[in-house]
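Coordinate analysis (summary)
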Amino acid sequence: MRIATTRRILILAGLAMPLVACQEAGVPELGYEPLRTLPHDTAAYTQGLVIHDGAFLESTGQYGSSQLRRVDIASGRVLNAVPLSDDHFGEGIAVVRDRVIQLTWKAGLAFVYDVGTFAPLDTLEYEGEGWGLCHDGQSLFQSDGSGTLFRRDPATFALLDEVRVTRDGFSTRNLNELECVGHDIYANVYMTNEIVRIDKRTGEITGVLNALGLALASGRPNDAGAVFNGIAYDETTGTFYVTGKLWPEVFEIAIDG
């Protein structure tokens with residue numbers, strides 16, 4: 001395990017502090033404290049990230065290399081993985097009791113697996129694209145790259161409701177990876193270094209975190225696809241793990257506000 005040195009944590013904190021002042025007026029700024037830095041597979045085109053039974057479940061994308069993985073948090077070692085067929089592009093994931101549900105980008109299919117063994121259980125259908133997915137204990141919330149979140153039945157994937165996401169009254173598009181935490185949903189905004197906190201009942205963005213400092217410190221490759229994506233919340237510690245596509249590192253952070 002690679003834990004960030006005190007010096008590096010101070011550097012990351014220094015990068016974070018001036019950035020939060022750059023958020024647009026009207027939306028509360030979310031600060032963060034970097035706690036540690038952990039290894040991440042640089043071949044993982046991260047699409048979905050959750051914590052389950054002390055390990056990461058990670059969905060990776062790209063045609064021909066998409067997988068559902070179980071990953072050791074401390075070492076970044078892949079404990080087991082199942083591939084998708086070459087014509088399916090993996091996207092967001094969510095755990096619902098003893099199942100894990102994995103979206104696909106354009107196929108309109110969600111694959112259901114046993115969360116312990118990754119044995120395939122079912123295939124669900126939906127219209128449109130699949131991007132992010134999270135479960136709040138009652139409903140699934142899905143993003144499709146637009147400014148709308150779709151609330152779905154966790155058993156059938158039937159559409160129950162649509163939530164328009166707004167920032168200061170204006171629609172916010174490119175909502176990507178999702179993490180449900182209490183009454184809120186945290187979402188990566190695709191092709192930016194932002195995480196937005198969304199009130200799942202109203203769709204209003206109630207906070208914005210600018211993680212440019214983490215992106216600069218990540219050692220990410222010079223690749224247009226190596227963008228910030230991946231949010232996992234640890235209920236036992238109240239901290240978040242964030243990373244990006246093809247990044248060599250995962251950061252554990254405490255979010256203020």
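Provided above is the structure to which this section pertains.
Residues numbered from 1 in each chain as written. Predicted model: local features only at pLDDT ≥ 70, side-chain atom pairs only at ≥ 80, totals over all residues. Heavy atoms only, no water.

In spatial order, the strands read β10-β11-β12-β13; together these four strands make up an open sheet with antiparallel pairing. The outermost strands of the open sheet, each flanked by one partner alone, are β10 (133-135) and β13 (159-164). Between one strand and the next, the sheet's axes are offset by a mean angle of 25°, whatever the strand orientation. With three bridges connecting them, β10 and strand β11 (residues 140-143) associate as antiparallel partners. What sits directly across from cysteine 134, in β11, is phenylalanine 141. (Pairing = 2+ DSSP bridges. Helix = DSSP H or I, 4+ residues; strand = E, 2+ residues; numbered from the N terminus. Axes fitted to C-alpha atoms, helices over the stretch in contact; angles between N-to-C directions.)

For the rest of this paragraph, the subject is the nonpolar core. Generally speaking, a soluble globular protein has its nonpolar side chains buried in company with each other. Core analysis: the biggest nonpolar cluster contains 21 residues, and Tyr186, Leu209, Val242 and Ile253 have the highest contact counts within it. Put simply, the parts of the chain that give this core at least two residues each are α2 (212-217), β20 (228-234), β21 (239-244) and β22 (249-255). In terms of residues, this core owes the most to one element, β22, which gives three residues. Not counting residues within four places of it along the chain, the set of residues in contact with valine 242 comprises Ile195, Leu214, Phe228, Gly230, Ile231, Val250, Phe251 and Ile253. (Core = buried A, V, L, I, M, F, W, Y, C linked by side-chain atoms within 4.5 Å. Buried < 20%, exposed > 50% of the residue type's maximum accessible area, 1.4 Å probe, protein only. Contact = heavy atoms within 4.5 Å.)

The sheet built from four strands is open, its strands ordered β1-β22-β21-β20 with antiparallel pairing. Both edges of this open sheet fall to β1 (32-39) and β20, since each of them pairs with a single strand only. Across the sheet, the mean angle separating the axes of adjacent strands is 25° when strand polarity is ignored. Direction of pairing for β21 relative to β22: antiparallel, over a ladder of three bridges. Looking at β22, one finds that phenylalanine 240 is bridged to isoleucine 253.

This part is about the pattern of salt bridges. Scanning all chains against the criterion turns up five salt bridges. When the shortest N-O distance is used, the salt bridge between glutamate 194 and arginine 167 registers 2.8 Å. Of the two residues, glutamate 194 is situated in strand β18 (residues 194-199) and arginine 167 in strand β14 (residues 166-167); the sequence distance between them amounts to 27 residues. On the basis of relative accessible area, arginine 167 is assigned to the buried category, the value being 9%. (Salt bridge = Lys/Arg side-chain N within 4 Å of Asp/Glu carboxyl O.)

A word on unusual backbone geometry. Phi is positive for phenylalanine 157, which is not a glycine, with a value near 70°. Among the structural elements, phenylalanine 157 can be located in the loop between β12 (148-152) and β13. Judged by relative accessible area, phenylalanine 157 falls into the buried class, the value being 1%. The residue asparagine 174 is not glycine, and still its phi comes out positive at about 65°. Within the secondary structure, asparagine 174 is located in the loop between β15 (170-171) and β16 (175-181).

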